[in-house]
Number of protein chains: 2
Amino acid sequence: MSAPTGNPYARIDDLLSNVRNFKIIESTLREGEQFANSHYSTETKIKIATMLDQFGVDYLELTNPCSSPQSRADLETICKLGLKAKILTHTRCTIGCDAGVDGVDVVIGTSQFLREHSLNGKDMVAITKQALEVIEYIKSRGCEVRFSTEDSFRSDLVDLLSIYKAVSQAGVNRVGIADTVGCASPRQVYDLVRTLRGCVSCDIEVHFHDDTGCAVANAFSALEAGATHVDTSVLGIGERNGITPLGALMARMMPSSRDYVLSKYNLKMIKSIEDFVAEEVEINTPFNNPITGFCAFTHKAGIHAKAILNSPSTYEILKPEDFGLTRYVHFTSRLTGWNVIKSRISQLGLILSVPLYTELQMTDDQVKEVTAKIKQMADIRPLAIDDADSIIRSFHLELNNGEGQKGQSEQNGQNAQNGHVEA
Amino acid sequence: MSAPTGNPYARIDDLLSNVRNFKIIESTLREGEQFANSHYSTETKIKIATMLDQFGVDYLELTNPCSSPQSRADLETICKLGLKAKILTHTRCTIGCDAGVDGVDVVIGTSQFLREHSLNGKDMVAITKQALEVIEYIKSRGCEVRFSTEDSFRSDLVDLLSIYKAVSQAGVNRVGIADTVGCASPRQVYDLVRTLRGCVSCDIEVHFHDDTGCAVANAFSALEAGATHVDTSVLGIGERNGITPLGALMARMMPSSRDYVLSKYNLKMIKSIEDFVAEEVEINTPFNNPITGFCAFTHKAGIHAKAILNSPSTYEILKPEDFGLTRYVHFTSRLTGWNVIKSRISQLGLILSVPLYTELQMTDDQVKEVTAKIKQMADIRPLAIDDADSIIRSFHLELNNGEGQKGQSEQNGQNAQNGHVEA
């Protein structure tokens, strides 16, 4: 348990929380195959499984081998790769096949909606009986077994707790809560997981769809309430707009669980894994993706840029270098500030030559003068870095000429491209 | 207060919650201008302001007129448009200009980080004194005034509550909480807003960055705890990877506040507003965007598709028609199921001709047989709708020929393109 800090809203661990001790069930090869654009070849599946294994996920969940002959063959192939991650498959609650997996994730719908429209009106007694038979069978094959309800947040609480208690007593490894339609909010999640934690002795897995934009927050709230395993997929791909994205979950966990995350997961692989999957399923990484969105570490407003140059943690809760990425500070917009331009001038090596022995920086007033010129131009049209640099160089030349025609002393900045200053 | 339903996790209103009574402060023209790619022309600003006004947002927040001469001119232009939405501008806590706005959003950093690196080490006494002077001045100009701290979740709680209480007593219209670095989690948000609600009598505005993927969930938690106003931008554009997106917030609010949202906001405009802004700032709508992501209402797995065909609410918490959009069910993948193929066969008008007087549907066993053929092909390569339809038609022809060479009775399906069945 960590000590409280000056900030009373800093996280304080409690006995319930698994924020610093969670596991990942990576489902790009199951939930992700339900994404509209997915059509994985065997080679693609092997590559994704291998990369995720190197990244450090605890489990890989693959499509049910009964889905098609190729699904079965691919599952068998991946089981034989000798990965560190355990291999799971995912089935409806019927006695199926296991094809060499380490475990089976069983799922069954318990909501009113699903029981009427998907399960032909089965009642909870019949559902529970069927679940216990399947669990017994899977255990008899020597596999791990998880039992999950589906659409858990629109299910009757008493029904839910009854079936979870029954399967826990039957010896499942994990029970699962699934927000199949993406309707849950963080406080609902916390309450349900917290309640469930008191009813079962096994691990608790959670699965959140992102229809209402809460899949990352819900996973975090579930861990706070005692969940142990989170389902993810790369970039969140899955049915409809998908589930908790692996990368975004890492972004969420880093501020609260930095040491644990760094000890377990190879964060520098996130970008290459996402790039590979994005290309395979023909999507672009969202511009606003945590960590890898093209502007996730780009700062633009003058006041932000100034503070970032002083100390990056002022406006950043994540460090780009933890992910093998770099930070950029925009300096060519109408929102720029003179502190940023001052930094650019220094990066360009533009110093003033004076008749005596010293070389001087521009004064703050001079920097403010050239900043005003840049803002004026940026009001008229988007400025490329070359444009802004030209304005700065021209101003610098005038100053030097005014000071006595001593010529320029400048070097080209190495690190800046496309209107950015690397901070 | 609504009555509890069969589902104990359905939201029950409490006196604190503003989930069914919230207002939007739309900041695409302020926070959004800090997005890396933004460079709005005057015409673009007018178009965005007009569309958002028609959509029904309560406030529009624009860039500080002191940022550049064009910023001032554009603000003055938009103030004169006669929109229903109130116009705000946003300033650091210095006495600035108001250019005809209805209100001023004042912001000042209170965290240890910001006080050291952005405000040259000012202490809280000096910050409070300055805030009160600025508030007095803005009120004297007849404008609404909001006072917000910056980086609120890394500020000392006692400092925060002290300054909020002081400005509330000085008569501000709103106090603001800002998660400037995107570090807050939903339970932290609930706790802080809940605490603040007991300390001030004015409205409470919240502003969440999305660095760790919680900006939508945090806004929802804040409303549950008594916040009154949420800052948004179109697609979430802003500094770094941005803030709470307007569309995603609507997705979040619909399940809990359907009547209120429909009475107030023109949801069918979301797609056109997002498309316009995305084109202006040269980004793509993220594939996983709630509501408007290209697959937000696409269903693929066989079991999902079956249930969706029976009743859309089984796997959808949002109705596409509320947003002027349509639903698609994928039927050409290896994950397809025979219920979906049955629906496609009926859509194609493929019925069996038999010697006597009746025309019959295929039997379920026949549908399962052709489904297996489609899955077999989909294992080999991605199937276009034409491919799947060809398999179905060929199978149908064989059946009819087997039944007595009576020729085909078919119509072309009208609604399906690109491998989708409209459900």
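If you look chain A up in an unreviewed UniProt entry, it shows as homocitrate synthase from Clonostachys solani.

Student: How would you explain the overall build of chain A if you had to name every residue and give the values?
Tutor: Scanning chain A from N- to C-terminus turns up 13 helices and 13 strands. The buried share among the 423 residues of chain A stands at 62%. Within chain A, contacts between residues separated by at least 24 positions form 72% of all contacts whose residues are at least 6 apart in sequence. For chain A, the accessible surface area stands at approximately 15,500 Å², while carbon and sulfur atoms represent 49% of it.

Student: Kindly report on the sheet that holds strand β7 (residues 203–208) of chain B, identifying the contributing residues and their values.
Tutor: Residue and element names in this part refer to chain B. Strand order around the closed barrel formed by 8 strands is β1-β2-β3-β4-β5-β6-β7-β8, with parallel pairing between neighbours. Across this sheet, the average inter-strand angle for adjacent strands is 25 degrees, counted without regard to direction. Here strand β1 (residues 23–26) runs beside strand β2 (residues 59–62); their pairing, made up of 2 bridges, is parallel. Across the sheet, Ile25 pairs through a bridge with Tyr59, a residue of β2. Packed on one face of the sheet, helix α5 (residues 157–169) meets β5 (144–150) and β6 (174–179) and runs near 175 degrees to β5. In this fold helix α6 (residues 186–197) packs onto β6 and β7, with an angle of close to 160 degrees to the strand it touches most, β7.

Student: Which residues make up helix α6 (residues 186–197) of chain A, and what values go with them?
Tutor: Note that an α-helix has 3.6 residues per turn; residues three or four places apart therefore point the same way. Here α6(A) contains 12 residues, and its C-alpha end-to-end distance of 16 Å stays within 8% of the 16 Å for a straight helix at 1.5 Å per residue. Residues A:Pro186, A:Gln188, A:Val189, A:Tyr190, A:Leu192, A:Val193 and A:Leu196 constitute the buried set of α6(A).

Student: Please give an account of the pattern of salt bridges that cites residues and values.
Tutor: The full count for this structure, using the stated rule, is 50 salt bridges over all chains. With a shortest N-O distance of 3.5 Å, B:Arg30 and B:Glu31 are connected by a salt bridge. In this pair, the class of B:Arg30 matches that of B:Glu31, namely buried. Connected via shared salt-bridge partners are A:Lys86, A:Asp105, A:Glu144, A:Arg146, A:Arg174 and A:Glu205.

Student: Can you tell me about the nonpolar core, naming the residues and giving the values?
Tutor: In this structure, A:Phe55, A:Phe147 and A:Met250 are the most contacted members of the largest nonpolar core, which totals 95 residues. Residue contributions to this core reach at least three from each of two domains, namely domain 1 (23–280) and domain 2 (298–421) of chain A. Non-local contacts of A:Phe55, meaning those with residues more than four positions away in its chain, are made with A:Leu246, A:Met250, A:Lys264, A:Tyr265, A:Asn266, A:Leu267, A:Met269, A:Ile270 and A:Ile273. Listed in part, the 93 residues of the second largest apolar core include B:Ala85, B:Val189, B:Leu235 and B:Met269.

Student: So what's going on with the packing of aromatic side chains? Residues and values would help.
Tutor: For the structure on display, the rule yields 12 aromatic pairs over all chains. Here A:Phe294 and B:Phe35 contribute two aromatic rings whose centre-to-centre distance is 5.9 Å and whose plane-to-plane angle is 75 degrees, an arrangement assigned as edge-to-face. Of this pair, A:Phe294 sits in the loop between α9 (270–280) and β9 (298–299) while B:Phe35 is found in the loop between β1 and α1 (42–55), placing the two residues in two different chains. B:Phe35 gets classed as buried once you look at its relative accessible area, which sits at 0%. In this arrangement the basic side chain of A:Arg187 is found over the ring face of B:Tyr190, its NZ or CZ atom lying 4.0 Å from the centre. Between B:Arg174 and the ring centre of B:Tyr59, over which it is positioned, the NZ or CZ distance is 4.9 Å.

Student: Could you give an account of the pairing of β2(B), with specific residues and numbers?
Tutor: All names here are of chain B. Here β2 shows no split at all, with Tyr59 and Glu61 on one side and Leu60 and Leu62 on the other all buried. For the crossover that starts at β1, traverses α1 and ends in the parallel β2, the hand is right-handed. Looking at chain direction, β2 and strand β3 (residues 86–92) are connected through 4 bridges and run parallel. Note on β3: the bridge partner recorded for Glu61 is Leu88. Tracing the backbone out of β2, into helix α2 (residues 69–79) and back to the parallel element β3 gives a crossover that is right-handed.

Student: Explain the interface of chain A and chain B to me, using residue names and the numbers behind them.
Tutor: Contacts between the two partners involve 101 residues from chain A and, on the opposite side, 101 residues from chain B. Each partner contributes to the roughly 8,600 Å² buried at the junction of chain A and chain B, and carbon and sulfur atoms together form 55% of this total. One salt bridge connects A:Arg334 with B:Glu33, and the closest N-O pair in it is separated by 2.4 Å. Between chain A and chain B we count 24 residue pairs in polar contact (both at pLDDT 80 or more) in total.

Student: Which residues make up the environment of A:His330, and what values do they have?
Tutor: Position of A:His330 among the secondary structure elements: in strand β10 (residues 328–330). Of the residues examined, A:His330 reaches a relative accessible area of 10% and is grouped as buried.

Student: Just give me the short version of the packing of α1(B) against helix α9 (residues 270–280) of chain B, but keep the residues and values in it.
Tutor: Residue and element names in this part refer to chain B. Put simply, α1 and α9 touch, their axes get as near as 10 Å, and they point 160 degrees apart. The pairing of α1 with α9 is recorded here as roughly antiparallel in orientation. With respect to the hand of their crossing, α1 and α9 are arranged in left-handed fashion. Contacts between α1 and α9 pair Thr44, Lys47, Ile48, Met51, Leu52 and Phe55 from the former with Ile270, Ser272, Ile273, Phe276, Val277 and Glu280 from the latter. Of the residues belonging to the contact of α1 with α9, the class tally is 8 nonpolar, 2 polar and 2 charged.

Student: Please provide a residue-by-residue account of the pairing of β1(B), values included.
Tutor: As paired elements, β1(B) and strand β8 (residues 229–232) of chain B share 4 bridges and run parallel to each other. Pairing of B:Lys23 across the sheet is with B:His229, part of β8(B).

Student: Now, about helix α7 (residues 215–224) of chain A: what can you tell me, with residues and values included?
Tutor: Of all 10 residues making up α7(A), 10 are buried, and the element is well covered by its neighbours. Where α7(A) ends, the next residue or the one after it, A:Gly226, has phi of about 115 degrees, a positive value.

Student: Residue-level account of unusual backbone geometry, with values.
Tutor: Backbone geometry at A:Ile291 places phi at a positive 70 degrees, although glycine is not the residue there. On the secondary structure map, A:Ile291 appears in the loop between α9 and β9.

Student: An account of the relation of the copies chain A and chain B is needed here, citing residue identities and associated values.
Tutor: When chain A is fitted to chain B, the best match, at an RMSD of 0.1 Å, comes from turning it 180 degrees and sliding it 0.0 Å along the axis. The superposition operator between the copies reduces to a two-fold rotation axis. Judged by C-alpha distance, A:Pro286 is the residue of chain A that lies nearest the rotation axis, at 2.3 Å. Take the interface residues of chain A: 100% of them recur as interface residues in chain B, which is what a same-surface contact looks like.

Student: Mind laying out the confidence of the model for chain A, listing which residues take part and the relevant values?
Tutor: Residues and elements named next belong to chain A. Model confidence for chain A is summarised by a mean pLDDT of 86, while 87% of its residues fall at 70 or above. Every residue in residues 1–5 scores below 50 in pLDDT, and together they form 8 contacts with partners more than four places removed in sequence or on other chains. Taken together, the stretch residues 404–423 has pLDDT below 50 and engages in 58 contacts with residues farther than four places along the chain or on a different chain.

Student: Tell me about the environment of A:Asn37, residues and numbers included.
Tutor: Relative to the assigned elements, A:Asn37 resides in the loop between β1 (23–26) and α1 (42–55). Counting along the chain gives 245 residues from A:Asn37 to A:Glu282, while the straight-line C-alpha distance between them is 7.0 Å. Residue contacts for A:Asn37: discarding those within four places in its chain leaves A:Val281, A:Glu282, A:Ile283 and B:Phe294.

Criteria and thresholds
Residues numbered from 1 in each chain as written. Chains lettered and ligands numbered in written order. Predicted model: local features only at pLDDT ≥ 70, side-chain atom pairs only at ≥ 80, totals over all residues. Heavy atoms only, no water. Helix = DSSP H or I, 4+ residues; strand = E, 2+ residues; numbered from the N terminus. Buried < 20%, exposed > 50% of the residue type's maximum accessible area, 1.4 Å probe, protein only. Contact = heavy atoms within 4.5 Å. Areas by Shrake-Rupley, 256 points an atom, 1.4 Å probe, with all protein chains shown as cover. Pairing = 2+ DSSP bridges. Axes fitted to C-alpha atoms, helices over the stretch in contact; angles between N-to-C directions. Expected span 1.5 Å × (residues − 1). Salt bridge = Lys/Arg side-chain N within 4 Å of Asp/Glu carboxyl O. Core = buried A, V, L, I, M, F, W, Y, C linked by side-chain atoms within 4.5 Å. Domains from an automatic or database assignment. Phe/Tyr/Trp six-rings, centres within 6.5 Å; stacked < 30°, edge-to-face > 60°. Lys NZ or Arg CZ within 6 Å of the ring centre and 35° of its normal. Right-handed = clockwise from strand over helix to strand, strands pointing away. Buried area = accessible area lost by both parts, 1.4 Å probe. Polar contact = N/O pair within 3.5 Å; in protein donor to acceptor, adjacent residues only side chain to side chain. Parallel < 35°, antiparallel > 145°, perpendicular 65-115°, else oblique. Left-handed = near helix turned anticlockwise from the far one by under 90°. Nonpolar A, V, L, I, M, F, W, Y, C, P; charged D, E, K, R; others polar. Least-squares fit on C-alpha atoms with pLDDT ≥ 70 in both. pLDDT = per-residue confidence, 0-100.

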